[in-house]
Amino acid sequence: SQQGEEDPQALSIQEGENATMNCSYKTSINNLQWYRQNSGRGLVHLILIRSNEREKHSGRLRVTLDTSKKSSSLLITASRAADTASYFCATARMNTGTASKLTFGTGTRLQVTL
Amino acid sequence: GAGVSQSPSNKVTEKGKDVELRCDPISGHTALYWYRQSLGQGLEFLIYFQGNSAPDKSGLPSDRFSAERTGGSVSTLTIQRTQQEDSAVYLCASSPRQGYGNTIYFGEGSWLTVV
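Residues numbered from 1 in each chain as written. Chains lettered and ligands numbered in written order. Predicted model: local features only at pLDDT ≥ 70, side-chain atom pairs only at ≥ 80, totals over all residues. Heavy atoms only, no water.

**Quick word on the overall build of chain B**
Assigned secondary structure in chain B consists of 0 helices and 10 strands. In chain B, the succession of α and β elements from N to C terminus is β-β-β-β-β-β-β-β-β-β. The C-alpha radius of gyration of chain B comes to 13 Å, within 12% of the 13 Å expected for a compact globule of 115 residues. Counting only C-alpha atoms, chain B reaches 40 × 25 × 25 Å along its principal axes. Put simply, chain B has 115 residues, and 50% of those count as buried. Considering only intrachain contacts with a sequence separation of at least 6, the fraction spanning at least 24 residues in chain B is 55%. Summing over all exposed atoms, chain B offers an accessible surface of approximately 5400 Å²; the carbon and sulfur share of this is 44%. Side chains of chain B carry 10 positive and 11 negative charges; the gap between the two charge centres is 1 Å. (Helix = DSSP H or I, 4+ residues; strand = E, 2+ residues; numbered from the N terminus. Rg over C-alpha atoms; globule rule 2.2 N^0.38 Å. Buried < 20%, exposed > 50% of the residue type's maximum accessible area, 1.4 Å probe, protein only. Contact = heavy atoms within 4.5 Å. Areas by Shrake-Rupley, 256 points an atom, 1.4 Å probe, with all protein chains shown as cover. Lys, Arg positive; Asp, Glu negative; His and termini not counted. Charge placed at Lys NZ, Arg CZ, Asp CG, Glu CD.)

**A look at the interface of chain A and chain B**
Each side of the interface is counted separately: chain A has 26 residues, and chain B has 29 residues. Counting the surface lost from both chain A and chain B, the interface buries some 2000 Å², and carbon and sulfur atoms represent 50% of this. Scanning the region where chain A abuts chain B turns up 0 salt bridges. In this assembly, chain A and chain B are joined by 4 residue pairs in polar contact (both at pLDDT 80 or more). Take the side of chain A that touches chain B: its biggest share by element is 5 residues, from strand β4 (residues 29-37) of chain A. Looking at side-chain class alone, the side of chain A that touches chain B contains 8 nonpolar, 14 polar and 4 charged residues. (Buried area = accessible area lost by both parts, 1.4 Å probe. Salt bridge = Lys/Arg side-chain N within 4 Å of Asp/Glu carboxyl O. Polar contact = N/O pair within 3.5 Å; in protein donor to acceptor, adjacent residues only side chain to side chain. Nonpolar A, V, L, I, M, F, W, Y, C, P; charged D, E, K, R; others polar.)

**Comments concerning the environment of B:Glu68**
Residue and element names in this part refer to chain B. Within the fold, Glu 68 resides in strand β6 (residues 65-69). Linking Glu 68 and Thr 78, residues 10 residues apart in sequence, is a C-alpha distance of 8.5 Å. Among residues more than four places away in sequence, those in contact with Glu 68 are Phe 49, Val 74, Ser 75 and Thr 76.

**Examining unusual backbone geometry**
All names here are of chain A. For the bond from Asp 7 to Pro 8, the omega torsion is 0 degrees, close enough to zero to count as cis. Considering the arrangement of structural elements, one finds Pro 8 in the loop between β1 (4-7) and β2 (10-14). In the Ramachandran plot, Ala 78 falls in the positive-phi region, its phi being about 45 degrees despite a non-glycine side chain.

**Focus: the layout of surface pockets**
For the largest pocket, the calculated volume is near 390 Å³. Around the largest pocket, the lining is made up of 22 residues, and of these A:Gln37, A:Ser86, A:Arg109, B:Gly40 and B:Gln41 lie nearest the centre. Those elements giving two or more residues to the lining of the largest pocket turn out to be β9 (85-93) and β11 (108-113) of chain A. A total of 4 residues in the lining of the largest pocket trace back to one element, the largest contributor, which is β11(A). (1 Å grid on protein atoms, 1.4 Å probe; cavity = no way out; pocket = protein on both sides within 12 Å on 5 of 7 lines; lining within 4 Å. Points joined across faces, edges and corners; volume = space filled by probe spheres on them.)

**With respect to the side chain of B:Ser94**
All names here are of chain B. Considering the arrangement of structural elements, one finds Ser 94 in strand β8 (residues 88-95). Within the structure, Ser 94 has its side chain in polar contact with the side chain of His 29 (distance 2.7 Å). Those residues in contact with Ser 94, other than ones at most four positions away along the chain, are Val 4, Pro 25, Ile 26, His 29, Ala 31, Leu 32, Thr 103, Ile 104 and Tyr 105.

So, in structure tokens, the structure goes:
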């Protein structure tokens, strides 16, 4: 089963509006990351928030993390047409081994129209 | 190179043939991942290499899939006796150090079509 589940699956907004995407996960995590993907190719890292952080900002991005609810949100303010992409959350589970992997959600497809 | 390099970028193969996909991670990165993404879907973890540790193969979908990493650098993902359901983008990523969920850097992927 998916560790991360984003919602909505698809979001369409007009340029200038804010876009909010949510991510829920199931197990305890060390950190949560958001990635962006254009045109079904490579993903680009956007922001990482650690389990002991509640909010983080980077430019027009704002990420929140609620570990009690096992959820995170990504807010893109003043959206631009160039923000059109798919956005994925990824979680790193807490474990005792040295091996680690990121588990990705199913993504939110954002469409920003002029 | 500056980023993760994957080849081929596109591959069309006949059902039943074997294919090899190659990944050159960023120089010095000790961790290497393979993911698979079907059209319009999320990323499915396949395998993870970290330094000299035994790889985490827990995501490989069947014994037709295997991967190796030679000299701690280049990795090859091999799919034997390809099936149509293997059609997907295969994404490789690398990370500079071990640890819990460090930022990973993706290549542009290899798009595999099995006909």
